[in-house]
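# Structural characterization, general
This is what each chain is made of:
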Amino acid sequence: MPAGLRAGIILFLFWAGAALHAQEYVTVSPGKSDGVYTLLKRYGLPPSKVMIARFWELNSDLVRGGEYLRLGFEYKLPVYKLYYDGASIRSSLGISDLALARRIEAYNHSLYEAGVLAAPFKKSRELLVPAYWLSESSAAAEAASFPIFGPAYQSVKQKDQSLKGCVIYLDPGHGGPDPGAIGQRGRDRLYEDEYAYDITLRLARRLLEHGASVYMVVQDEDDGIRDLAILKHDDHEYYLGRLPISRDHLRRLSDRVDIVNNLYERHRKKARQQIMVTIHLDSRSHGKRIDIFYYYQANNPKSKKLANTLLAKVDEKYAAKQPGRGYEGSVSTRDLHVLSEAKPVAVYIELGNIRNKKDQDRFIIADNRQAVANWLCEGVIDYVK
Ligand SMILES: [Zn+2]
């Protein structure tokens, strides 16, 4: 199989109604009497030549001196382990094919009946899907499709694997009933949540191009990446997993962190790094000539390093783009709920103040929003290195 195609399948990513991430495969530890044939059969896969070849390809790191199963090792099966959002299989997987959804439901049911799964998927929130069912039904080979980015940007091509194994939580500030700060520009109103969301989506897309697993903590099906100057406001955002964003301020903050921390635990063993980036476009400081504030977690040197790395990268890029403009960034710690409670290495960024005329100039131009997303992505890559 050509390398590009293989990367495309391994990183076959799609909008899980809940999460954007590289697929996790089901793993098994073979018993004494197991062979590849019996493992495939147990998981309802046709033990064909193609499937057996696929199995060894997935487990190429375990092939030493011959393609045979060894006890005490975990093998990957060509079956994805996906998140069930509690609503429906179609919304969980971002698919519209009802027949496929029914097939997946029957598949999981039969695995449960056979005792392969300990709990029904509605309880475990985990759906198993044979990988080839999805690659058959979508254009998974070269580019993965993420409807969350909107029609113009939904196709995402893999550029490299520099962020492979990294789980990144992107947390655009506010959303739902909470628009955040509101700026006035002529007759238009600029809403912080919409701009933070747009920049965060752009960052998510970049991170995916480098092989990261990305979770958008806030999502809005209506709004993909928008190249407009004035981003129309709505309150349709919800939290990952289709949780409504509470009207209650404290509840809103704790829900946000709980969602991330639960996922953090799920990825704790296997992730190479887990990072959370919160993005806001308001600022507590007025009149100071500081462009971007980076806040890190108190007593967490990794968080401080991430904040400094992001600042250095944005600083470098900014200086190249607008020489002599006198850019200034600031890194400090701050007692914020999302920072103090989040388990991943977290940074909270204020990209500017949407109420400030000068800052508005930077945000209403779509290219500028893209540029800052690109730089933050490069900063994350620098940090992970
Ligand atoms: Zn804010």
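Residues numbered from 1 in each chain as written. Predicted model: local features only at pLDDT ≥ 70, side-chain atom pairs only at ≥ 80, totals over all residues. Heavy atoms only, no water.

### So, the coordination of the zinc ion
Binding of the zinc ion to the protein goes through His174 (NE2), Glu192 (OE), Glu192 (OE), His280 (ND1), Asp282 (OD) and Asp282 (OD), at separations of 2.0 to 2.8 Å. Around the zinc ion, the six donor atoms sit at angles spanning 48 to 161 degrees, and that spread fits a shape best called irregular. Read in sequence order, the donor residues for the zinc ion give the motif H-x17-E-x87-H-x1-D. Of the two residues, Glu192 sits in helix H8 (residues 192-209) while Asp282 sits in the loop between strand E13 (273-280) and strand E14 (292-296), which places them 90 residues apart along the sequence. Side by side, Glu192 and Asp282 carry an identical accessibility label, which is buried. (Donors = N, O, S within 2.8 Å, 3.2 Å for Na, K, Ca; no water. Tetrahedral: all angles 85-135°; square planar, octahedral: opposite > 155°, others 65-115°. Helix = DSSP H or I, 4+ residues; strand = E, 2+ residues; numbered from the N terminus. Buried < 20%, exposed > 50% of the residue type's maximum accessible area, 1.4 Å probe, protein only.)

### Quick notes on the confidence of the model for the protein chain
Per-residue pLDDT for the protein chain has a mean of 86; in total, 89% of the residues score no lower than 70. A low-confidence stretch, residues 1-19 (pLDDT under 50), is modelled with 74 contacts involving residues beyond four sequence positions or located in other chains. Note that pLDDT drops below 50 for residues 137-142; the model gives that stretch 13 contacts with residues more than four away or on any other chain. (pLDDT = per-residue confidence, 0-100. Contact = heavy atoms within 4.5 Å.)

### Focus: the sheet that holds strand E3 (residues 126-130)
To summarise the sheet geometry, strands pair through backbone hydrogen bonds and adopt either a parallel or an antiparallel arrangement. Spatially, E1-E2-E3 is the arrangement adopted by the three strands of the open sheet, whose pairing is antiparallel. Of all the strands in the sheet, the pair left with one neighbour each is strand E1 (24-28) and E3. Between one strand axis and the next, the sheet turns by 50 degrees as a mean value, whatever way the strands run. Most of the contacts of helix H3 (residues 49-58) go to strand E2 (residues 75-83), to which it runs at about 85 degrees, and overall it touches E1 and E2. Each of E2 and E3 is contacted by helix H5 (residues 98-113), which is oriented at about 110 degrees to E3, the strand it contacts most. (Pairing = 2+ DSSP bridges. Axes fitted to C-alpha atoms, helices over the stretch in contact; angles between N-to-C directions.)

### Considerations on the sheet that holds E13
Spatially, the six strands line up as an open sheet ordered E9-E6-E13-E16-E14-E15, and their pairing is mixed. Of all the strands in the sheet, the pair left with one neighbour each is strand E9 (213-216) and strand E15 (329-333). The sheet shows a mean angle of 20 degrees between the axes of neighbouring strands, taken without regard to direction. Summarising the sheet, E14 and strand E16 (residues 345-350) pair through four bridges and their orientation is antiparallel. Bridge pairing in E16 places Tyr295 opposite Tyr348. Sheet strands in contact with H8 are strand E6 (166-172), E9 and E13, and its direction is about 165 degrees off that of E6.

### Regarding helix H10 (residues 301-321)
Quick reminder: α-helices carry 3.6 residues per turn. Residues three or four places apart thus point the same way. Counted at 1.5 Å a residue, the expected span for H10 with its 21 residues is 30 Å, and the 30 Å between its end C-alpha atoms agrees. Within H10 the residues assigned to the buried category are Ser303, Leu306, Ala307, Thr309, Leu310, Leu311, Lys313, Val314 and Tyr318. Tucked inside the fold, the buried residues of H10 contact E13, E14, E15, E16, helix H12 (357-364) and helix H13 (366-384). In this structure Asn300 caps H10, since a side-chain oxygen of it lies 3.0 Å from the backbone nitrogen of Lys302. (Expected span 1.5 Å × (residues − 1). Polar contact = N/O pair within 3.5 Å; in protein donor to acceptor, adjacent residues only side chain to side chain.)

### Side note on the pairing of strand E7 (residues 182-185)
Across four bridges, E7 lies against strand E8 (residues 188-191) in antiparallel orientation. What sits directly across from Gln184, in E8, is Arg189. In sequence, E7 turns back onto E8 through a hairpin of two residues, with Gly186 there showing a positive phi of about 55 degrees.

### Focus: empty space enclosed by the protein
Under the criterion given, the structure shown has three cavities of 30 Å³ or more. In this structure, the largest cavity occupies an estimated 150 Å³ of space. If you go around the largest cavity, you meet 13 residues; those closest to its centre are Tyr318, Arg362, Asn368, Val372 and Trp375. Listing elements by their share of the lining of the largest cavity, those giving two or more residues are H10, H12 and H13. The greatest single-element share of the lining of the largest cavity, amounting to five residues, is contributed by H13. Residues of the lining of the largest cavity, tallied by class, amount to eight nonpolar, two polar and three charged. (1 Å grid on protein atoms, 1.4 Å probe; cavity = no way out; pocket = protein on both sides within 12 Å on 5 of 7 lines; lining within 4 Å. Points joined across faces, edges and corners; volume = space filled by probe spheres on them. Nonpolar A, V, L, I, M, F, W, Y, C, P; charged D, E, K, R; others polar.)

### Regarding the packing of aromatic side chains
With the rule as written, the count across this model stands at 12 aromatic pairs. With 5.9 Å between their ring centres and 20 degrees between their planes, Phe55 and Tyr75 make a pair best called stacked. Taken together, the positions of Phe55 in helix H3 and Tyr75 in strand E2 put the pair 20 residues apart, joining distant regions of the chain. Residue classification places Phe55 among the buried positions, given a relative accessible area of 0%. Aromatic side chains Phe293 and Tyr295 sit 6.1 Å apart centroid to centroid with 10 degrees between the ring planes, which places their arrangement in the stacked category. Each residue in the set Phe55, Trp56 and Tyr75 is aromatic and connected to the rest through ring pairs, giving one cluster. Of note, Arg103 hangs over the ring of Trp133, and the distance from its end group to the ring centre comes to 4.2 Å. (Phe/Tyr/Trp six-rings, centres within 6.5 Å; stacked < 30°, edge-to-face > 60°. Lys NZ or Arg CZ within 6 Å of the ring centre and 35° of its normal.)

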